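Each chain, written out:
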Amino acid sequence: MSPAASRLLGLAFVCALIGAGLIAASAESTGAEEVWAAIRAHAEVSFGDGAWRWLARVATVAVAAAVVLTILEVLSSIRRTPAGVEFDELTPRNLRDTVEEVRRRVKECTAGKK
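Student: Tell me about a nonpolar patch on the surface, and please be specific about residues and values.
Tutor: A cluster of nonpolar side chains, Val63, Val67, Ile71, Leu75 and Ile78, forms an exposed patch at the surface whose accessible area comes to about 420 Å². Relative to the assigned elements, Val63 resides in helix α3 (residues 50-76). The exposure class of Val63 is partly exposed, given its relative accessible area of 37%.

Student: Hey, could you go over the pattern of salt bridges for me, with residue numbers and the actual values?
Tutor: Applying the stated criterion across every chain, the model contains 4 salt bridges. Salt-bridge contacts for Arg103 lead to Glu100; the nearest nitrogen and oxygen are separated by 3.4 Å. With Arg103 and Glu100 both in helix α4 (residues 95-110), this residue pair falls 3 residues apart, about one helical turn. Between Arg104 and Glu108 there is a salt bridge, with its nearest N and O atoms 3.1 Å apart. In this pair, Arg104 and Glu108 are both assigned in helix α4, 4 residues apart and thus about one turn of the helix distant. Residue class for Arg104 comes out partly exposed when judged on its relative accessible area of 43%. For Glu108, a relative accessible area of 52% corresponds to the exposed category. One continuous salt-bridge network, built from bridges that share partners, spans Glu101, Arg104, Arg105 and Glu108.

How each quantity is defined
- Residues numbered from 1 in each chain as written.
- Predicted model: local features only at pLDDT ≥ 70, side-chain atom pairs only at ≥ 80, totals over all residues.
- Heavy atoms only, no water.
- Patch = residues over 30% accessible without salt bridge, like charges linked within 9 Å, V, L, I, M, F, W, Y side chains within 5 Å.
- Areas by Shrake-Rupley, 256 points an atom, 1.4 Å probe, with all protein chains shown as cover.
- Salt bridge = Lys/Arg side-chain N within 4 Å of Asp/Glu carboxyl O.
- Helix = DSSP H or I, 4+ residues; strand = E, 2+ residues; numbered from the N terminus.
- Buried < 20%, exposed > 50% of the residue type's maximum accessible area, 1.4 Å probe, protein only.

Given below as structure tokens:
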């Protein structure tokens, strides 16, 4: 999804949350079911007639599709890292031998990656 579309979707979501919060704050009852009923009643009054009814449904479907496509995009862009090279353990004889062994192993790993 393009950055502009995701910002627009985020703005619409924030506006919907603000509207629902204002309706919930002005509701006369404090129970969750009554508040949800008040929000649904306000939405029905606002989007109940004419073209607004269908536009609200189309917008809901578009938002759901955008969320699903965004999730699929994120999941498909996950890159798996290749398995690392397994080394034998270093046998610490002295520091010089250990450093030489590490240099040899690094050259062995990076020789074909130029």
